[in-house]
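# A structural walkthrough
Residues per chain are reported as follows:
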Amino acid sequence: MAKAPVLTPQGTDFPRWYQDVLAKAELADNGPVRGTMVIRPYGYGLWERMVAEVDARIKDAGAENAYFPLFIPESYLTREAEHVEGFSPELAVVTHAGGKELEEPIVVRPTSETVIGEFMAKWIQSHRDLPLLLNQWANVVRWELRTRLFLRTSEFLWQEGHTAHATEVDAAAYARQIHLNVYQDFMENVLAMPVFIGRKTKQERFAGAVNTLACEAIMRDGKALQMATSHELGQNFAKAFDITYQGVDGTQQMAWTTSWGSSTRMVGGLIMCHGDDNGLRVPPRLASTQVVVMVIRDDEGVVDAATALAAELKAAGVRVRLDARTDTSFGRRATDWELKGVPVRVEVGPRDLANGEVTVVRRDTSEKQQTTVARLASTVPALLEDIQASMLAEATAFRDAHTVEVATVDEARDAAQTGFAKIAWSTLGTDGEAMLARDAITVRCIQRPDGTIPETEDEPGNIAIVARSY
RNA sequence: CGGGGUGUGGCUCAGCUUGGCAGAGCGCUGCGUUCGGGACGCAGAGGUCGUGGGUUCAAAUCCCGCCACCCCGACCA
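Residues numbered from 1 in each chain as written. Chains lettered and ligands numbered in written order. Predicted model: local features only at pLDDT ≥ 70, side-chain atom pairs only at ≥ 80, totals over all residues. Heavy atoms only, no water.

Here we come to the state of the cysteines. Summed over all chains, the structure comprises 0 disulfides. The structure places no disulfide on Cys215, whose sulfur is separated from the nearest cysteine sulfur, that of Cys445, by 8.9 Å. No disulfide involves Cys273; its nearest neighbouring cysteine sulfur is the one of Cys215, lying 13 Å away. (Disulfide = S-S within 2.5 Å.)

The next thing to look at is the nonpolar core. Grouped together as the largest cluster of nonpolar side chains are 60 residues, with contacts concentrated most on Leu27, Met187, Leu191 and Ile271. Residue-level mapping places this core at the junction of two domains, with at least three residues from each of domain 1 (14-274) and domain 2 (291-383). In this structure Ile271 touches Trp17, Tyr18, Val21, Leu22, Leu27, Phe150 and Leu280, once residues within four positions along its chain are discounted. Core analysis: the next-biggest nonpolar cluster, separate from the first, contains 26 residues, Leu134, Ala209, Ile243 and Ala255 among them. (Core = buried A, V, L, I, M, F, W, Y, C linked by side-chain atoms within 4.5 Å. Buried < 20%, exposed > 50% of the residue type's maximum accessible area, 1.4 Å probe, protein only. Domains from an automatic or database assignment. Contact = heavy atoms within 4.5 Å.)

What follows concerns the packing of helix H1 (residues 14-24) against helix H8 (residues 265-274). Their axes nearest at 11 Å, the elements H1 and H8 cross at an angle of 115 degrees. Remark: the crossing between H1 and H8 carries right-handed chirality. Residue-level contacts link Phe14, Trp17, Tyr18, Val21 and Leu22 of H1 to Gly268, Ile271 and Met272 of H8. Residues belonging to the contact of H1 with H8 are distributed by class as follows: 7 nonpolar, 1 polar and no charged. (Axes fitted to C-alpha atoms, helices over the stretch in contact; angles between N-to-C directions. Helix = DSSP H or I, 4+ residues; strand = E, 2+ residues; numbered from the N terminus. Left-handed = near helix turned anticlockwise from the far one by under 90°. Nonpolar A, V, L, I, M, F, W, Y, C, P; charged D, E, K, R; others polar.)

On to the protein's contact with RNA strand B. Around RNA strand B there are 34 residues in total, and Arg146, Arg152, Gln226, Glu338 and Arg351 lie nearest to it. Put simply, 45% of the atoms of RNA strand B that lie within 4 Å of the protein are in sugar or phosphate. One nitrogen or oxygen atom from the main chain of Arg332 is found 3.3 Å from a sugar or linking oxygen belonging to RNA strand B. Between RNA strand B and the protein, one listed contact pairs a base oxygen with a side-chain N or O atom of Arg345 at 2.4 Å. If one sorts the elements of the surface near RNA strand B by residue count, helix H10 (residues 330-340) sits on top with 5 residues. (Near = heavy atom within 4 Å. Polar contact = N/O pair within 3.5 Å; in protein donor to acceptor, adjacent residues only side chain to side chain.)

With that settled, the discussion passes to the sheet that holds strand E19 (residues 368-372). To summarise the sheet geometry, strands pair through backbone hydrogen bonds and adopt either a parallel or an antiparallel arrangement. A sheet is described by the order of its strands in space; here 5 strands give the open sequence E16-E15-E17-E18-E19, paired in mixed fashion. Unpaired on one side and paired on the other, strand E16 (320-323) and E19 mark the two borders of the sheet. Across this sheet, the average inter-strand angle for adjacent strands is 25 degrees, counted without regard to direction. Relative to E16, strand E15 (residues 291-295) is paired through 4 bridges, and the arrangement is parallel. The residue of E16 that forms the bridge with Val293 is Leu322. On the sheet, H10 packs against E15, E16 and strand E17 (344-348) and is oriented at approximately 175 degrees with respect to E15. (Pairing = 2+ DSSP bridges.)

Within the secondary structure, Glu155 is located in strand E8 (residues 155-165). Separated by 248 residues in the primary sequence, Glu155 and Thr403 place their C-alpha atoms 33 Å from one another. When sequence neighbours within four positions are dropped, the list of residues in contact with Glu155 reads Gly35, Asn139, Val140 and Val141. In this structure the side chain of Glu155 is engaged in a polar contact, spanning 2.9 Å, whose partner is the side chain of Asn139.

This paragraph deals with the side chain of Glu144. Checked against the element boundaries, Glu144 lands in the loop between strand E7 (132-141) and E8. One buried charged residue, Glu144, forms no salt bridge at all, with the nearest opposite charge on Arg152 at 4.4 Å. Apart from residues no more than four positions distant in its own chain, Glu144 is found in contact with Arg34, Glu90 and Arg152. (Lys, Arg positive; Asp, Glu negative; His and termini not counted. Salt bridge = Lys/Arg side-chain N within 4 Å of Asp/Glu carboxyl O.)

What follows concerns the pairing of strand E5 (residues 92-97). Residues in a regular strand point their side chains to alternate faces of the sheet. By the bridge criterion, 5 bridges tie E5 to strand E6 (residues 100-108) in an arrangement that is antiparallel. Within E6, the residue paired with Val94 across the bridge is Ile106. With antiparallel pairing between neighbouring strands as the criterion, E5 and E6 make up a hairpin whose turn holds 2 residues, including Gly98 at a positive phi of roughly 60 degrees.

Take the packing of aromatic side chains next. Throughout the structure, instances matching the rule amount to 10 aromatic pairs. Among the aromatic side chains, those forming a connected cluster through ring pairs are Phe68, Phe119 and Trp123. The cationic tip of Arg79 hangs over the ring face of Tyr76; the distance from NZ or CZ to the ring centre is 4.7 Å. We note Lys340 situated over the ring of Tyr42; from NZ or CZ to the ring centre the distance is 5.6 Å. (Phe/Tyr/Trp six-rings, centres within 6.5 Å; stacked < 30°, edge-to-face > 60°. Lys NZ or Arg CZ within 6 Å of the ring centre and 35° of its normal.)

What follows concerns H10. If you check which residues of H10 are buried, you get Arg333, Ala334, Trp337, Leu339 and Lys340. In this structure, the buried side of H10 is in contact with H1, helix H2 (41-60), E15, E16 and E17. Looking one or two residues beyond H10, the residue adopting positive phi is Gly341, at roughly 75 degrees.

This part is about the sheet that holds strand E4 (residues 71-73). Overall, antiparallel pairing links the 3 strands, which are arranged E4-E6-E5 in an open sheet. Only two strands of the sheet have a single neighbouring strand rather than two, namely E4 and E5. Ignoring strand direction, the axes of neighbouring strands in this sheet form an average angle of 45 degrees.

Using the criterion set out here, one finds 2 cavities of 30 Å³ or more in the structure. Elements that contribute at least two residues to the lining of the largest cavity include exactly helix H5 (113-123), E8 and strand E14 (256-263). Ranked by the residues each element gives to the lining of the largest cavity, the list is headed by H5, at 4 residues. Looking at side-chain class alone, the lining of the largest cavity contains 4 nonpolar, 5 polar and 1 charged residues. The space that makes up the second largest cavity amounts to roughly 30 Å³. Residue lining of the second largest cavity: Val360, Val361, Arg362, Glu367, Gln369 and Leu383, and that is the complete set. Per-class residue counts for the lining of the second largest cavity are 3 nonpolar, 1 polar and 2 charged. (1 Å grid on protein atoms, 1.4 Å probe; cavity = no way out; pocket = protein on both sides within 12 Å on 5 of 7 lines; lining within 4 Å. Points joined across faces, edges and corners; volume = space filled by probe spheres on them.)

The values reported here are purely geometric and, on their own, carry no functional implication.
Here it is, written out as structure tokens:
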């Protein structure tokens, strides 16, 4: 029964494979307006779990959620020179409303530094008001020239944090704390995606920032994806929006601000980091459905047994779903769950049941094993953790196998055809960066030899990680 | 914006060169047999062929205009 593959194999055409997964796993559709995205329930479920995990970490870091308007006066954007220069080409601007042309055009937020800056200025009077730690979950609009579902859409969902601090040191420390304790921790421990962390070069920096930190992950086609960024904004926005406070000594001081964000792009990263030729693979800690209990056929007692097992698993703290759709063939349903990447399938059929057993299949390795009905619920939680760990290990091994240390710009160019290249920043420099840019290769981040974030770009020994990217 | 391409049932596309009853696969509906890896048989539903004009006895097909989308490049979470 050699059927045509459900998906275009990754090795045949990776972008096509990605499109196929989005469609077949029912993750997203193109919206009616160019570059927009409809996120389907299963895809949105992945995002909701990301939101829950990231939000909890943000709160642990002391920030509070708030909400600022979608519409921003155009004049706000122009107050910070680099910011307006960076964003104006991709702004969506409202010029008419209520049947009339507006006196001042309204910008649909591409990011909220400006409005939030305006209100920070209002709310901050004293050093006692600092630090002010805000976050918002919102949609933003950036009129990108080329779009791809989840990776780059005209409108996307994200979280944007904005903070104000009394000192530069405090601001820098907070941006770093978010980067490590929220982003890196979430990506490695929940998404099972290893990330390189480091500083962006001046070329790659956020418009208006004095320092940008990034998390860079490798996709299965060897290209890099920026998964999140944290920015030190220095006093650029504080000056533009007059965010000042009275210090302990009674003098007026200018605040130091940060901003940091992660978006629905992470869903795309998850797909391209873990997906294989059979579909998506969702790490258990993220999965909204960790285990699906499948009724193979509606024979005597099978549905009852499966229902009882699902209830037992739920009681054991497992996010479980029962699939008793016996009007659809077993093969079809098994394929569908595989496409959706549910970490574990428990197959309940009369044959196994006669021996008091069920079949447990793990999605990451396709490995099947028999387990007794009695032991299932007690063994699944450990199995899920095992899958989580081996997915991170596999992704890390893949990244390391596709990361090479090189000594020259030419070698870096070659290596970037298949993955990441590490090259001494002192060797590459801005000249080398410009040379690589001609071949669409960019510096993803600069880090210390031990993989940590350097204090400055020019620390001796700094390594540049270069790659092609999304 | 520069270069290339495509618009035909829900999806992927064939048909266009050489005008002559609008097709295939998948999906969908019903019935039956199935059900341990995308089941099978039979019977069905579903399309103003992107759009406006022109040529013609006759246009998906030829001609002209317009629109949309896709791919490659410059921009980006």
